[in-house]
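# A closer look at the structure
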Amino acid sequence: MSFVPNIIEPEPAVDGSFDDALLRGLNPQQREAVEYRGQSLLIVAGAGSGKTSVLTRRIAGLLQSREAFPSQILAITFTNKAAAEMRERVHQIVGNEAEGMWISTFHSACVRILRREAEHFGFTKSFTIYDSADSRALLKRILKELDADQYGFTVSSASGKISKLKNELQDVESYARGANFSDPAEVMFLEIFRRYTQALSQANAFDFDDLIGQTVYLFRAFPVVAAHYRRRFRHILVDEYQDTNHAQYSLIHELTRSVRPDIADEVEAAGGLVKTKRDAVGAIPGASLTVVGDSDQSIYAFRGADIRNIVEFERDFPNSKVILLEQNYRSTQNILDAANAVISNNFDRKDKKLFTDIGEGHKIVGFTGYSGHDEAQFIADEITKMHDEGIAYKDIAVFYRTNAQTRALEEIFIRSALPYRVLGGTKFYERAEIKDAMAYLIAVANPADPLALRRIMNVPKRGIGPATETALQSWADAHETSLRDAVRNAGELGLGPKVTGEILEFGSVLDEVMAKVYPPEGSEARPAPVADVLVELLERTKFVETLRASRDAQDEARAENVEELVAVTKEFQKNNPDGTLLDFLTEVSLVAAADDLDDLSGTVSLMTLHTAKGLEYEAVFLTGVEEDLLPHRMSAGEPGGPAEERRLFYVGITRARKRLFISLAMTRAAYGNVNVAMPSRYLQEIPADLIDWRQSPGMANSRNGTEPRALNARRDGSSWGSSLREAAALPPGKPKEKTQWANMVTNVVRDNSTLELSAGDRIKHNDFGEGRVTAVTGEGKKRVAEVQFDTAGRKRLLIQIAPIEKVE
DNA sequence: GCTTTCGAGCTTTTT
DNA sequence: GCTCGAAAGC
């Protein structure tokens, strides 16, 4: 493929001035961060210090002053959501001038580049993107082929190691150079890595890490290609710089390099307009770089993020300017005091203190539950109270360390009829039936991908079992062709007539639909819209029909999910009239947890602490602040683990604007059994006078006691254990137990759909005891009772499933 | 080749 | 307490 410059543009006429409105309301440091002009700028932006505002105004300034065309700006954010927000905010300031900027994540920017350039190195533009599940499936096959479990390899250990290597820009060859060949496990790993890499390239696929790594490779191997992007992007801005890994760091380095005079000659000879950009010696100077970050918020070391990228920025980019933003515009002073106190325990950091002039605000509220459910009930009650006080559900968020913690929260929220959304976690696109439907689309888009093909070969059931699949694969191997070709030529395999017919029919459905997606060269036909493609595939394979006909009750729900996917494709087509199947697949592959956080108002948001980064809420609940959860047990062994966990806690605290709740439980369910939980060490790091303990670990621990025990008085495990044993020894359901653990919740659920309730009724609840109904709202399945309990306080109950009965 | 059953292992965080 | 894979029976 020859290099074709695709944008002809004159130099912008710099008038060097921009609207004063851009600087309005900024403090001196923020103002300087917007106005500074130089080769490289590091903005160290504490949590809530207005960095998004600074970044967007900086971009708007570049555009308004005509220092840059939109097409010369590349802004990189961490999530698509953040990218969309930044685009929107720039658009608000400069209007349509914002068109043509690249504001995207590292991954989507790289996909865009790779789709354009993949043909330089043996891929086609229709490559597929393997998500982690796809990579794992592939690795599973490879490990099995090699019997690698003999050497202690698991899918997760192998995928972790490969990912780590790729983040450090290592490939099979470079790894082999440093490998110890007398270690059989290392030899085995090398073989796994080799086969994995080979399988990806045969499948015309990249995994997540490749998207970055291969782009760097592309730039290094093809200087003229790199020169095209270096020439194009004159201003590069990177958000959340503390979370970049080595590959991403290298990508930034590659993009901001200057173009050597001889390469510039080559670009010019190929028709690239570079003359106006060349300096005295004929080189094209490197682009200007602005990075924004906060090393206190670095929480992705496990993914290869290297805090040194930000710490050593000044060394890497000589003559760079550093600007510190310390004034916080988000949180109350109490919240900031807690955050500052916690983070100051990380000793190897530059001292930095957030301050605000918002005022003290509410105290932080602490609560210790008996169990995770008890904790969840406390949260539900507090949310109800705040909602009554006029705080919208959408301004409230609940954070947790692990996704497993959602279960208890969801159960209680459903019972309390609280509207909520879980961000991340088991996502729509991870459901098996959705992955199946998606695999049909991938098989059509990228016929080289055997993973997708294998997944759907027998879905719905068409009698192509493992034996038949192996036969097809062997035929493909013997003829040195793809699995897809074997499907087309199934007639030559000598299989039974029935199964042969099925395979051929399957293959021709794919081929015929493919012809509609990629109309032959010179034909008038436009590529078929994604929704049509999907519907045709589903109909011709009787995919939904089979699910609907199934006796399994869950299959009905699966059919509905697939219909939902059809709706998603229609929506996509509406928003992107020219969107291709590849665009759709790319978008789906790169959606992040924080991305589906749309303005769907009126629901409480539940998410992990990692997902919470970059977001802010009026009220925040930090849950499960316990040893082994935060800090997580798994982090203990890793160097820097506890410090990173502390940063995670810090990130959580600093998301809150006005109200912060910190909660924990004395027991926590894991793997289906119940374990004793201890308060997190980080709790002691918050000055005691900042927290108003509704029920402190000390109170919850002492039998009847209302004396809060000082948190920093070390409790050993045995005292917790013994107190628990006493608690557990009490038969469940005794009145005494109830009053002591007013919020204790059991798992009793019943079908109450026939129960008629109205205001004034007196009821008895399994866990909360007796109370009076104050209001009934909603219809049918969603009827909700507001109940004032005698001892347990006010609760909202979803009547249908509440363990209650009327008492006369 | 399909379906059912039973046991093992599992949970850190994500683009 | 759930998911996945192996094994056995149909």
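Let me begin by describing the structure that accompanies this report. All figures in this text were calculated on a predicted structure; none of them were measured in a lab. (Residues numbered from 1 in each chain as written. Chains lettered and ligands numbered in written order. Predicted model: local features only at pLDDT ≥ 70, side-chain atom pairs only at ≥ 80, totals over all residues. Heavy atoms only, no water.)

## Some words on the overall build of chain A
Scanning chain A from N- to C-terminus turns up 31 helices and 22 strands. Split into buried and exposed, the 808 residues of chain A put 53% on the buried side. Of the roughly 36,200 Å² of accessible surface on chain A, 51% is carried by carbon and sulfur atoms. (Helix = DSSP H or I, 4+ residues; strand = E, 2+ residues; numbered from the N terminus. Buried < 20%, exposed > 50% of the residue type's maximum accessible area, 1.4 Å probe, protein only. Areas by Shrake-Rupley, 256 points an atom, 1.4 Å probe, with all protein chains shown as cover.)

## With respect to the protein's contact with DNA strand C
In the vicinity of DNA strand C, the contacting residues are Lys140, Lys144, Arg407 and Tyr671. Measuring from a phosphate oxygen of DNA strand C, one finds a side-chain N or O atom of Lys144 at 3.4 Å. In the surface near DNA strand C, the residues fall into one nonpolar, no polar and three charged. (Near = heavy atom within 4 Å. Polar contact = N/O pair within 3.5 Å; in protein donor to acceptor, adjacent residues only side chain to side chain. Nonpolar A, V, L, I, M, F, W, Y, C, P; charged D, E, K, R; others polar.)

## Concerning the packing of aromatic side chains
Under the criterion given, the structure shown has 26 aromatic pairs. With a centroid separation of 6.5 Å and an interplanar angle of 75°, the aromatic rings of Tyr175 and Phe193 are classed as edge-to-face. Remark: Phe193 occurs in helix H8 (residues 184-202) and Tyr175 occurs in helix H7 (residues 172-177); sequence separation between them is 18 residues. A relative accessible area of 12% means that Tyr175 is categorised as buried. Ring pairing ties together the aromatic residues Phe121, Phe123, Phe127, Phe206 and Tyr217, which thus form one cluster. Against the face of Phe127 rests Arg115, its NZ or CZ located 4.2 Å from the ring centre. Between the NZ or CZ atom of Lys613 and the centre of the ring of Phe78, over which it lies, the distance is 4.3 Å. (Phe/Tyr/Trp six-rings, centres within 6.5 Å; stacked < 30°, edge-to-face > 60°. Lys NZ or Arg CZ within 6 Å of the ring centre and 35° of its normal.)

## Details of the pattern of salt bridges
Counted according to the given criterion, the structure contains 55 salt bridges. Linking Asp381 and Lys795 is a salt bridge whose minimum nitrogen-to-oxygen distance equals 2.4 Å. A residue pair is termed long-range when its members are at least 10 positions apart, and Asp381 in helix H16 (residues 372-388) and Lys795 in strand S21 (residues 793-798) qualify at 414 residues. The same class applies to Asp381 as to Lys795, namely buried. Residues joined by salt bridges that share partners form a network here, namely Lys51, Asp239, Glu240, Asp243 and Lys613. (Salt bridge = Lys/Arg side-chain N within 4 Å of Asp/Glu carboxyl O.)

## Quick look at the protein's contact with DNA strand B
Taken together, the neighbourhood of DNA strand B is formed by 24 residues, with Arg303, Arg401, Ala467, Thr468 and Met634 sitting nearest. In DNA strand B, atoms within 4 Å of the protein come 54% from sugar and phosphate. With respect to DNA strand B, the side chain of Thr608 contributes an N or O atom lying 2.9 Å from a phosphate oxygen. Every element with two or more residues in the surface near DNA strand B is listed here: helix H20 (466-478) and helix H27 (609-612). When grouped by side-chain class, the residues that make up the surface near DNA strand B number nine nonpolar, 11 polar and four charged.

## Quick look at the sheet that holds strand S2 (residues 73-77)
Here six strands make up an open sheet; going across it, the order is S3-S2-S6-S7-S1-S8 and the pairing parallel. Strand pairing shows two members of the sheet lacking a second neighbour, strand S3 (102-105) and strand S8 (321-325), which therefore form its edges. Taking each pair of neighbouring strands and ignoring which way they run, the sheet shows an average axis angle of 15°. Relative to S3, S2 runs parallel, the two sharing four bridges. Among the inter-strand pairings, Ile76 is bridged to a residue of S3, identified as Ser104. Sitting on the sheet, helix H1 (residues 28-35) touches strand S1 (40-45) and S8, and the angle it makes with S8 is about 145°. (Pairing = 2+ DSSP bridges. Axes fitted to C-alpha atoms, helices over the stretch in contact; angles between N-to-C directions. Contact = heavy atoms within 4.5 Å.)

## Description of unusual backbone geometry
Residue Pro631 follows Leu630 across a cis peptide bond; omega there is 5°. Along the chain, Pro631 turns up in the loop between strand S13 (617-622) and helix H28 (641-653). Phi is positive for Asn204, close to 55°, though the residue is something other than glycine. Note that Asn204 resides in the loop between H8 and strand S5 (205-207). Classification of Asn204 by relative accessible area gives buried; the value is 6%. Despite not being glycine, Asp628 shows a phi value in the positive range, around 75°. Mapped onto the fold, Asp628 is located in the loop between S13 and H28. On the accessibility criterion, Asp628 (38% relative accessible area) is partly exposed.

## As for the sheet that holds strand S14 (residues 656-665)
The strand order across the open sheet formed by seven strands is S11-S12-S10-S13-S14-S9-S17, and the pairing between neighbours is parallel. Strands with a single pairing partner mark the edges of an open sheet, and in this sheet they are strand S11 (420-422) and strand S17 (691-695). On average, adjacent strands in this sheet sit at an angle of 20° to one another, irrespective of strand direction. Strand contacts of helix H15 (residues 333-343): strand S9 (364-369) and S14, with the helix running at about 55° to S14, the strand carrying the most contacts. The sheet contacts of helix H17 (residues 406-415) involve strand S10 (396-400), S11 and strand S12 (604-608), and relative to S11 the element is tilted by about 160°.

## Observations regarding the packing of helix H18 (residues 432-445) against helix H19 (residues 450-457)
Running from amino to carboxyl end, H18 crosses H19 at an angle of 125°, the nearest separation of the two axes being 8 Å. In terms of their interaxial angle, H18 and H19 are classed as oblique. The way H18 lies across H19 gives a crossing that is left-handed. Mapping the contact onto sequence places Ala432, Lys435, Asp436, Ala439, Tyr440, Ile442 and Ala443 in H18 and Ala452, Leu453, Arg455 and Ile456 in H19. Of the residues assigned to the contact of H18 with H19, the class counts are eight nonpolar, no polar and three charged. (Parallel < 35°, antiparallel > 145°, perpendicular 65-115°, else oblique. Left-handed = near helix turned anticlockwise from the far one by under 90°.)

## Examining empty space enclosed by the protein
The full count for this structure, using the stated rule, is three cavities of 30 Å³ or more. As for the largest cavity, its lining consists of 14 residues, of which Gln377, Arg415, His765, Phe768 and Leu797 are closest to the centre. Elements with a minimum of two residues in the lining of the largest cavity: H17 and S21. Take the lining of the largest cavity: its biggest share by element is three residues, from S21. The residue makeup of the lining of the largest cavity, split by class, is eight nonpolar, three polar and three charged. Estimated volume of the second largest cavity: approximately 40 Å³. Gly372, Glu375, Ala376, Gln405, Ala408, Leu409, Thr623 and Arg668 are the residues that line the second largest cavity. (1 Å grid on protein atoms, 1.4 Å probe; cavity = no way out; pocket = protein on both sides within 12 Å on 5 of 7 lines; lining within 4 Å. Points joined across faces, edges and corners; volume = space filled by probe spheres on them.)

## Quick notes on helix H4 (residues 106-117)
Along its 12 residues, H4 runs 16 Å from first to last C-alpha, staying within 8% of the 16 Å computed at 1.5 Å per residue. Here H4 lies mainly inside the structure; nine of its 12 residues are buried. Listed as buried for H4 are Phe106, Ser108, Ala109, Cys110, Val111, Ile113, Leu114, Arg115 and Glu117. (Expected span 1.5 Å × (residues − 1).)

## Remarks on the pairing of S1
Counted residue by residue, S1 has six buried out of six residues, so it is predominantly covered. In S1, alternate side chains face the same way, and those of Ser40, Leu42 and Val44 on one face and Leu41, Ile43 and Ala45 on the other are all buried. The sheet contact formed by S1 and strand S7 (residues 288-293) spans five bridges and is parallel. Paired with Ser40 across the two strands is Leu289, which belongs to S7. Pairing of S1 with S8, which is carried by five bridges, proceeds in the parallel orientation.

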